[in-house]
Amino acid sequence: MSRILAIYGSPRRKGNTALLLKQAVQGAKEQGAAVEEVMLRDLKMAPCLEIYACKKDGRCVIKDDFQGLYDSILACQGIMLASPIFFYTVSAHTKIFMDRCQSLWAKRYLLEKAVRGEGERTKKGLFVSVGATGGKKLFEGTLLTVRYFFDVCDADLWRYLLYRGLDFEGDVLKHPEYLEEAYSAGKELAQAVEGLK
Ligand SMILES: Cc1cc2nc3c(=O)[nH]c(=O)nc-3n(C[C@H](O)[C@H](O)[C@H](O)COP(=O)(O)O)c2cc1C
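About the criteria used
- Residues numbered from 1 in each chain as written.
- Predicted model: local features only at pLDDT ≥ 70, side-chain atom pairs only at ≥ 80, totals over all residues.
- Heavy atoms only, no water.
- Salt bridge = Lys/Arg side-chain N within 4 Å of Asp/Glu carboxyl O.
- Helix = DSSP H or I, 4+ residues; strand = E, 2+ residues; numbered from the N terminus.
- Buried < 20%, exposed > 50% of the residue type's maximum accessible area, 1.4 Å probe, protein only.
- Phe/Tyr/Trp six-rings, centres within 6.5 Å; stacked < 30°, edge-to-face > 60°.
- Lys NZ or Arg CZ within 6 Å of the ring centre and 35° of its normal.

Below, the discussion takes up the pattern of salt bridges. Pairs can form between side chains of opposite charge whenever their charged atoms are close. Following the criterion strictly, the structure yields 13 salt bridges and no others. With its nearest N and O atoms 2.9 Å apart, the salt bridge here joins Asp42 to Arg13. A residue pair is termed long-range when its members are at least 10 positions apart, and Asp42 in the loop between strand E2 (34-39) and helix H2 (66-75) and Arg13 in the loop between strand E1 (3-8) and helix H1 (16-30) qualify at 29 residues. Measuring nitrogen to oxygen at the nearest pair gives 3.0 Å for the salt bridge that ties Lys22 to Glu37. Taken together, the residues span a long stretch of sequence, with Lys22 in helix H1 and Glu37 in strand E2 at a distance of 15 residues. A relative accessible area of 31% places Glu37 in the partly exposed class. Connected through shared salt-bridge partners, Arg116, Arg121, Asp151 and Asp156 make up one network.

The following block contains the structure:
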């Protein structure tokens, strides 16, 4: 059975990205994947201290809830990440988590000496995001951030779902087609990672 890690990055438990990710999770489960759901706001996670103790064995030395998440990243074949746009990037909860994944960067690029762009990535990533405004560049910087985040997790940015003009909690419910799209993406991600080790 394929394993998918679904990460809720908004401080809102039932916000727009959470509702979308829930749909994706539902789709993946119906496809037969085992999905672990993690709400970052419920975890105790310190920001990266940039001491690079992770250079030793690729593990972060800060003993908090990141440790479990690190193991879950290594064990899964698919990653779903949902974050709202806050000041043209991901939420603070999401960014703290991403920065702690510098330990995965150390593992991949320092210890395992991976070469960027070479070799197959073993996982696939789905990114879901929303912003209140409608600007053309709303997701530009964030996509770059997410692409490189997935890279250290050994995942391709397989697909992204980006929605503009959603602000207040539940706004996404006015767009059942977005929820439908998220459901299908979850289902398709589960299909795409079936058989991956
Ligand atoms: C701290 C903060 C910063 C935000 N910055 C932006 C922004 O730069 N651009 C934008 O379009 N919306 C911005 N928003 C609006 C959120 O992206 C929007 O409300 C979104 O629907 C929240 O998603 P959620 O319900 O999943 O948390 C910001 C909201 C907050 C609270």
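From this point, things continue past the structure.
Attention now moves to the packing of aromatic side chains. A full pass over the atoms with the stated rule returns six aromatic pairs. The interplanar angle of 20° and the centroid separation of 4.1 Å between the aromatic rings of Tyr163 and Tyr178 together place this pair among those described as stacked. Here Tyr178 lies in helix H6 (residues 176-193) and Tyr163 lies in strand E5 (residues 155-163), a separation of 15 residues in the sequence. By the burial criterion, Tyr163 is buried, and Tyr178 matches it. Ring pairing ties together the aromatic residues Phe66, Tyr70, Phe97, Phe149 and Phe150, which thus form one cluster. For the cation-ring pair, Lys55 lies above Tyr52, with the distance from its terminal atom to the ring centre recorded as 5.1 Å.

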